[in-house]
Amino acid sequence: AHMAALVLARGGSKGIPLKNIKLLAGVPLIGWVLRAAIDAGVFHSVWVSTDHDEIEKVAKQFGAQVHRRSPEVSQDSSTSLETIREFLNHHHEVDIVGNIQATSPCLHPSDLIKVANLIQKEGYDSVFSVVRRHQFRWSEVKKGENKMTQPQNLNPAKRYRRQDWPGELYENGSFYFAKRHLIEKGYLQGGKMAYYEMRAEHSVDIDIDIDWPIAEQRVLSFGYFGKEPLKEVKLLVCSVDGCLTNGRIYVTEDRKEMVSYDYRDIVGINLLKKRGIQVRLISERDCSKSLSAMQLGCVAEVNATNKLQVLEDWQKDIGLSWKEVAYLGNEESDVECLKKAGMSGVPADACALAQKAAGYICKSSGGCGAVREFAEHIFLLLEKVNSARKQ
């Protein structure tokens, strides 16, 4: 049976404009679930249903196929079921749909693998995700009604302690798996039905703007970052022009060059060095005088015609694995380095090819705090590595 992962990503989000591709911890929101779906290895195809060109572009960058939905199912009033049914009408090869919510960035491949087994090996027709909550419910009393509220799931005279109460299961909306015959009848849940209980820390749903910073911290702590385990970064290599500086070169009347930099980036470099992380700089042009004036105390390679070769030489000389190397670049000449490094980042104004190759896209532009921001990202991921070691 052909099982397809399908992520619904309409461009007209009312709460947060283009929410589905807004950067969350340096990755487009939809990228988190696409990475999990592809790495799960249980889907015959992974799709994004969208009506927006930019969302299509991001979906393809993360390896998904794109179904361009019709205007009829792209309205504010359109339901998920209508959109999924339209997808099936165009893809007769699909027997099972795993509808994954784009706004669930802490989804892990292990969850999807277990659900696929429930459908394919244990014969369930539909499986949906739930989370366990320990919340006491009371009946609503509407304004003007002359009555008292009543307890719904507790005895106030004998309140449970949390550890003595198993709690209740609630849908968290992360995913709904269903076979074609159910969906064609108008159901996402039905037939031989099962729920899949997700861990509470993985149950993150972004609906309103205030959730964003909270979700960012949750993702950094509990998100899925790829098949290989994270390692502690020991070397950051940073491209000078367009990362440490804004890429502009000012020329005086006597032909002297001047560049500008952001002091926050210098602080970021110093913080990295205090944490025992080496910082090295690389440039395609001879900017040695400018670097000397900055007094950064970093090893630098200028006139670098082959940045990847320089990076490989440094990695071997220090004796590091690629997972221990971070790279911040912004141009086409940085793409191979970004792909090779275990942790890669680009400023917000980096070229399209560099953005596609990077694992983290800064909110700051080059020469305007991008180095400091990437340093903070490295520190957060180091916390995740240390937490994993303790566990």
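Residues numbered from 1 in each chain as written. Predicted model: local features only at pLDDT ≥ 70, side-chain atom pairs only at ≥ 80, totals over all residues. Heavy atoms only, no water.

**Observations concerning the overall build of the chain**
For the chain, the helix and strand inventory stands at 13 helices and 17 strands. For the chain, the spread of C-alpha atoms along the principal axes amounts to about 80 × 55 × 45 Å. Pairs at least 24 residues apart make up 65% of the contacts formed inside the chain by residues separated by at least 6 positions. Approximately 19,800 Å² of the chain is accessible, and the part contributed by carbon and sulfur atoms is 47%. (Helix = DSSP H or I, 4+ residues; strand = E, 2+ residues; numbered from the N terminus. Contact = heavy atoms within 4.5 Å. Areas by Shrake-Rupley, 256 points an atom, 1.4 Å probe, with all protein chains shown as cover.)

**Some remarks on the nonpolar core**
Grouped burial of nonpolar side chains is what soluble globular proteins tend to show. Ranked by internal contacts, the top residues of the largest apolar core, which has 43 residues, are Leu24, Leu244, Leu272, Leu281, Leu296, Phe374 and Ile378. Considering every element that reaches this core, the biggest residue donor is helix H13 (residues 370–390), with eight residues. (Core = buried A, V, L, I, M, F, W, Y, C linked by side-chain atoms within 4.5 Å. Buried < 20%, exposed > 50% of the residue type's maximum accessible area, 1.4 Å probe, protein only.)

**A word on the sheet that holds strand E8 (residues 168–179)**
Read from one edge of the open sheet, seven strands run E5-E4-E1-E6-E8-E7-E9, paired in mixed fashion. Looking along the sheet, the strands with just one partner apiece sit at the ends: strand E5 (65–68) and strand E9 (193–197). Each adjacent strand pair in this sheet contributes to an overall mean axis angle of 30°, direction not counted. With five bridges joining them, strand E7 (residues 126–133) and E9 adopt parallel strand pairing. The partner of Val130 across the bridge, within E9, is Glu197. Where helix H4 (residues 109–120) meets the sheet, it contacts strand E1 (3–8), strand E6 (96–100), E7, E8 and E9, and its direction lies at approximately 60° from that of E8. (Pairing = 2+ DSSP bridges. Axes fitted to C-alpha atoms, helices over the stretch in contact; angles between N-to-C directions.)

**Comments concerning the environment of Asp207**
Looking at where Asp207 falls in the secondary structure, it is placed in the loop between E9 and helix H6 (211–222). Residue Asp207 is classed as partly exposed on the basis of its relative accessible area, which comes to 47%.

**Here we look at the domain arrangement of the chain**
On domain assignment, one finds that the chain holds domain 1 (3–134 + 167–222) and domain 2 (235–389). Once you take the C-alpha centre of each, domain 1 and domain 2 turn out to be 35 Å apart. Taken together, the contact between domain 1 and domain 2 spans ten residues of the former and ten residues of the latter. For the domain 1 and domain 2 pair, buried surface summed over both sides reaches about 830 Å², with 60% attributable to carbon and sulfur atoms. In terms of surface lost to domain 2, no three residues of domain 1 exceed Leu23, Gln61 and Leu220, which account for 53% of the buried area on that side. Inspection of the region where domain 1 meets domain 2 yields one salt bridge. (Domains from an automatic or database assignment. Buried area = accessible area lost by both parts, 1.4 Å probe. Salt bridge = Lys/Arg side-chain N within 4 Å of Asp/Glu carboxyl O.)

**Focus: the pattern of salt bridges**
For the structure shown, the criterion picks out 19 salt bridges. In this structure, Asp125 engages Lys179 in a salt bridge whose closest nitrogen and oxygen atoms are separated by 3.7 Å. Of this pair, Asp125 sits in the loop between H4 and E7 while Lys179 sits in strand E8; the two residues are 54 residues apart in sequence, bridging distant segments of the chain. Residue Glu184 pairs with Arg180 through a salt bridge whose shortest N-O separation is 2.9 Å. In this pair, Glu184 and Arg180 are both assigned in helix H5 (residues 180–184), four residues apart and thus about one turn of the helix distant.

**A word on the packing of aromatic side chains**
Remark: the centre distance and the inter-plane angle together describe each pair of aromatic rings, the angle taken between the planes. Inspection of the entire model under this criterion finds eight aromatic pairs. With 5.5 Å between their ring centres and 65° between their planes, Trp47 and Phe87 make a pair best called edge-to-face. In this pair, Trp47 is assigned in strand E4 (residues 45–50) and Phe87 in helix H3 (residues 80–90), connecting sequence segments 40 residues apart. Here Trp47 matches Phe87 in class, with each residue buried. Where Tyr360 meets Phe374, the ring centres are 6.1 Å apart and the plane angle is 45°; that geometry is what we call tilted. (Phe/Tyr/Trp six-rings, centres within 6.5 Å; stacked < 30°, edge-to-face > 60°.)

**Some details on the layout of surface pockets**
Where empty space is left becomes clear once a probe the size of a water molecule has been rolled over the atoms. Its volume calculated, the largest pocket comes out at about 1,100 Å³. Taken together, 40 residues line the largest pocket, and the ones lying closest to its centre are Arg35, Phe62, Ala357, Ala358 and Gly359. Looking at which element gives the most residues to the lining of the largest pocket, the answer is helix H1 (residues 29–40), with five residues. Looking at the lining of the largest pocket residue by residue, the classes come out as 22 nonpolar, eight polar and ten charged. (1 Å grid on protein atoms, 1.4 Å probe; cavity = no way out; pocket = protein on both sides within 12 Å on 5 of 7 lines; lining within 4 Å. Points joined across faces, edges and corners; volume = space filled by probe spheres on them. Nonpolar A, V, L, I, M, F, W, Y, C, P; charged D, E, K, R; others polar.)

**Describing the packing of H1 against H4**
Between H1 and H4, the shortest axis-to-axis distance is 8 Å and the interhelical angle comes to 50°. One way to sum up the angle between H1 and H4 is to call them oblique. With respect to the hand of their crossing, H1 and H4 are arranged in right-handed fashion. Residues Ala36, Ala37, Asp39 and Ala40 of H1 form the contact with H4, whose participating residues are Pro109, Leu112 and Ile113. Residues belonging to the contact of H1 with H4 are distributed by class as follows: six nonpolar, no polar and one charged. (Parallel < 35°, antiparallel > 145°, perpendicular 65-115°, else oblique. Left-handed = near helix turned anticlockwise from the far one by under 90°.)

**So, helix H10 (residues 307–318)**
The α-helix winds at 3.6 residues per turn, so residues separated by three or four positions along the chain end up facing the same way. Compared with an ideal rise of 1.5 Å per residue, which puts twelve residues at 16 Å, H10 spans 17 Å between its outermost C-alpha atoms and is within 8% of the ideal. Among the residues making up H10, those that are buried are Lys307, Val310, Leu311, Glu312, Trp314 and Gln315. Sitting at the amino-terminal end of H10 is Asn306, which places a side-chain oxygen 3.3 Å from the backbone nitrogen of Leu308. Positive backbone phi, at 80°, marks Gly319, one or two positions downstream of H10. (Expected span 1.5 Å × (residues − 1). Polar contact = N/O pair within 3.5 Å; in protein donor to acceptor, adjacent residues only side chain to side chain.)

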